[in-house]
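Structural features, examined
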Amino acid sequence: MTRVTMTVNGKAVSGEVEGRTLLSQFLREGLGLTGTHIGCDTSQCGACVVHVNGQDVKSCTTFALECEGAEIRTIEGMANPDGSLSTIQQAFQDHHGLQCGFCTPGMVMTASALLAKSPTPSEAEIRHYLEGNICRCTGYHNIVKAILAASGQDVSHLGHGDAVAAE
Amino acid sequence: MPKDHGIGASSKRREDVRFLTGRGRYTDDINLQGQAHACFVRSQVAHGRLNGVNTDAAAGMPGVIRVFTAADFEGVGGLPCGWQVTDRHGAPMQEPGHPVLATGKVRHVGDPIALVVAETYDQARDAAEAVVVDIEELEPVLDMKAALADGAPKVHDDLTSNLCYDWGFVEENREAVNKAFETAHHVTTLDLVNQRLVPNAMEPRVAIGDYNFATDDSTLYTTSQNPHVIRLLMGAFVLGIPEHKLRVVAPDVGGGFGSKIFHYAEEAAVTFAAKQLRRPVKWTCTRSESFVTDAQGRDHVTKIELALDAEGHFQAIRTETYANMGAYLSTFAPSIPTWLHGTLMAGNYKTPLIYVNVKAVFTNTVPVDAYRGAGRPEATFQLERVIDKAAREIGMDPVELRRKNFITEFPYATPVAVEYDTGDYNATLDKLLEIADVAGFEARLAESKARGKLRGLGINCYIEACGIAPSHLVGQLGARAGLYESATVRVNATGGLVVMTGSHSHGQGHETSFAQVVADMIGIPENMIEIVHGDTANTPMGMGTYGSRSLAVGGSAMVKATNKIIAKARKIAAHLMEASPEDIELKDGRFTVAGTDKSVAWGDVTLAAYVPHNYPLDEIEPGLEETAFYDPNNFTYPAGAYACEVEVDPETGKVTVERFAAADDFGNIVNPMIVDGQVHGGIAQGIGQALLETTTYDEYGQLLSGSYMDYAMPRASDVPFYAVDHSCQTPCTHNPLGVKGCGEAGAIGSPPAVVNAVVDALQRAGMTHITHIDMPLTPSRVWAAMQG
């Protein structure tokens, strides 16, 4: 067992891990941050995406020990300081960008990383960037729409059921 | 103006805040004090004689608490099948045993053989690899027709063959149907495969068993769509635990699509192990394990024939289907290719004579059961494909051929034993042509052509039977369960309500939409209502969520219970205002004496119910809590029309879905935003089936498509934005909300639209020899078809 120290959602944390302990395991089991989800074992589904030093990373394919000294941000650290939903989170709720919620943490973390790099992405750019995130519920329509909306783009033409005001 | 609350409003989902902040509570997020971890040893071969299991090495490994084998489960029952189908000669289906851990033989890759329990999951997994299994490999049976050949190896040695049943429906029509084909003006025949799919809810299954030796109570936390059903099946048939000593909790569940209806061996194994060890035992499925243990879907091989007269009227339909059951009968498996498939073969059309034959077959593959749509997508696909083919053969526009045969008068009794209560198929088709901008297709075709691409348009209709199901009817058909739903409405003294429902929400947003219904009925804000589900300890006996039944059946139970509440509250209000209950009106959360300005607020009445100082105690009891069960007297029949436009790359055969439109009639709508989302998700699953997904076993029965690297799930770049509409509404006539259900439509209506579109594109490009390509329409399949 080796001691690992990192900053998670602004708080310094440390713990004893095995060499094989994944970052996702350390977050979920070591720190009790169960918002990061495990949906597969081949690094395909993206439910486990977190930010490591600002970069979106699949925590199921990252060893905890690789993150020594790193700044980690998880879904639990995405809300505004007053606890209200951040812009991207609020857009997912406003546009029904989630159903069962299981892929959602990874979708939000991936989307926020995209918006940090590309503040007004095109539909094609969003769909391409979500290549590593699988959702079985939404058919992606409202996820893409939520990301467009979070970037300040007009989405009123994309379906009629999203909000009372849009009808 | 759209409503801003209550029925018909796109209320934002209250569930979302916890899911968006990482505060959901899924089963794997639960960790109990003193919990041990389980890992299963599974068969790595498809078929073999299990000669021995040596656990000595594993038992001595670090952290190992105990290794269970089949011998430990000798006093335990097998997994039950919930539906008995009777074959066309009147005999019951062949029903093999289904032990919790394999005994005597292993019958598919993934069949559980032993259960290792250790202090940590990693230790359990390490030790599982040290369990030595002695298996004498046997020749597997994989192909259904080969499985029925004389001398084929048997999956179950104690059965007479690999045939589960040979079902005919309606058997009495068989001769008349055959005769109609002999004299038909035109017959169109289509052979097709509705390929096996893996449901792939994003949350893998998890089960945690817990046992309290002081009270002799067992608890199972599990990823289930129907915790009460699991309690009944596991308690009564497998472990022999009476229901009052067994609690099943299904907390936040990350999608189901059918795969979490069924009672699985792992649930029984961890509950049993927890009692033996007097410690909680947790099992979390890996995705690789899901691929070889979650019940899979579809897997039909079908020949369909359609007989038409000279004017294009449908005269008769005859089908022969081989339906794969896999190695064991999963909980509802026998009902899917029969009662959820044969009864839908009329579709939206007046066809006087229909005969459906289904041969269900055991093979050395993962069991097959309900997957989103369950039988109805298989019926819709073959019917809508054969109609398209027939239209081409007789030279009629496929839309016109459908219209010509539409059922237009309701109620309509089909020749396959169901009665459609309402519908307007021309209305949804007209709406579809509008939202799909079919009029603009020619221009888009020209534009595609200019870029060197082929373009095609596919249109089809669908109908489904939802709101599952009238208990008296399904009982006659072989169901070993009732299919009612329940609700308890508990009003608190200060006026807030808790609604405890037997339905389960795993993405459908019931906590929001159910609250909208009750809020509307009483006239109070939605946030005064809490919806509780997923725990047998605090909800009434219910049958859970599948078959697009939650609002139609569960919602109806809730309406009944709320009406009982209102009736009692009206009596209390009448007493408080010294009026007659008949004169009391409830509006916007106030009780008023009709024609007067006398009124009391909802909260005054609820307080009086719990502080009954001034109260008609001689007439009614204190308190305000009511339970209702609702058993539907018919199915509901959502229907609609779907359109898909594809581009095909003539060089590679790659298909791109350019446009997709869906016009559905779901009857009344509670939350349009949620309904849109349900349809979107279904469409993506349908596009996935049509273009991407398939389940492939090699000749040894190894699952080749056993991970997300090999099984092509639809991703964001595989699908377009969808145009969906549900403004055509013919309310259901027999449930109080007039709702029909919307959960499965997208997955039912979309596969034929995609395939029709691809065939259309190839036909328009002159490849008239291509009348069908089996799903998934991968580039290689389309390219091969184009080569002739």
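What you see is a predicted model, and the numbers here were worked out from it, not measured in a lab.

Here we come to the domain arrangement of chain B. Reports often express the size of an interface as the amount of accessible area lost when the parts come together. Residue and element names in this part refer to chain B. The domain boundaries assigned to chain B delineate domain 1 (31–138 + 205–284), domain 2 (297–469 + 634–786) and domain 3 (484–630). With centres defined by C-alpha atoms, the gap from domain 1 to domain 2 works out at 36 Å. Across the boundary between the two partners, domain 1 contributes 22 residues, which contact 24 residues of domain 2. Across the side of domain 1 that touches domain 2, the residue classes tally to ten nonpolar, nine polar and three charged.

Looking now at the sheet that holds strand 2 (residues 48–54) of chain B. Residues and elements named next belong to chain B. As summarised here, the arrangement of the three strands in space is 4-2-6, forming an open sheet in which the pairing is antiparallel. Taken across any chain shown, the strands that pair with only one partner, and hence form the sheet edges, are strand 4 (105–106) and strand 6 (132–137). Sheet topology places strand 2 next to strand 4; two bridges connect them, and they run antiparallel. If you follow Gly48 over to strand 4, its bridge partner there is Val106.

Our focus in this paragraph is the pairing of strand 15 (residues 353–362) of chain B. Residue and element names in this part refer to chain B. Summarising burial for strand 15: nine of the ten residues are buried, a large majority. Pairing of strand 7 (residues 163–169) with strand 15 involves six bridges; the strand directions are antiparallel. Among the inter-strand pairings, Phe169 is bridged to a residue of strand 15, identified as Val356. Where strand 14 (residues 314–326) lies against strand 15, ten bridges are found, and the strand directions are parallel. Considered in strand 15, the bridge of Thr321 is made with Val358.

All names here are of chain A. What the domain assignment reports for chain A is domain 1 (2–77) and domain 2 (87–166). A C-alpha centroid distance of 24 Å is found between domain 1 and domain 2. Facing the 14 residues of domain 1 at the interface are eleven residues of domain 2. With three residues, strand 3 (residues 49–52) is the single largest residue contributor to the side of domain 1 that touches domain 2.

Further remarks concern the sheet that holds strand 19 (residues 485–491) of chain B. Residues and elements named next belong to chain B. Strand order in this open sheet of four strands is 21-20-19-25, and the pairing throughout is mixed. Both edges of this open sheet fall to strand 21 (529–532) and strand 25 (625–630), since each of them pairs with a single strand only. Strand after strand, the sheet turns through a mean of 15° between neighbouring axes, direction not considered. Sheet topology places strand 19 next to strand 20 (residues 497–501); five bridges connect them, and they run antiparallel. Looking across to strand 20, one finds that Val491 is bridged to Leu497. Docked against the sheet, helix 14 (residues 510–522) engages strand 20 and strand 21, running at close to 130° with respect to strand 21.

Residue-level contacts link 50 residues of chain A with 53 residues of chain B. Elements with a minimum of two residues in the side of chain A that touches chain B: helix 2 (87–94), helix 3 (104–117), helix 4 (123–129) and helix 5 (141–150) of chain A. Among the elements that make up the side of chain A that touches chain B, the one with the highest residue count is helix 2 of chain A (four residues).

Rules of the game
- Residues numbered from 1 in each chain as written.
- Chains lettered and ligands numbered in written order.
- Predicted model: local features only at pLDDT ≥ 70, side-chain atom pairs only at ≥ 80, totals over all residues.
- Domains from an automatic or database assignment.
- Contact = placed C-beta atoms within 7 Å.
- Nonpolar A, V, L, I, M, F, W, Y, C, P; charged D, E, K, R; others polar.
- Pairing = 2+ DSSP bridges.
- Helix = DSSP H or I, 4+ residues; strand = E, 2+ residues; numbered from the N terminus.
- Buried ≥ 20, exposed ≤ 12 C-beta atoms within 10 Å, placed from the backbone.
- Axes fitted to C-alpha atoms, helices over the stretch in contact; angles between N-to-C directions.

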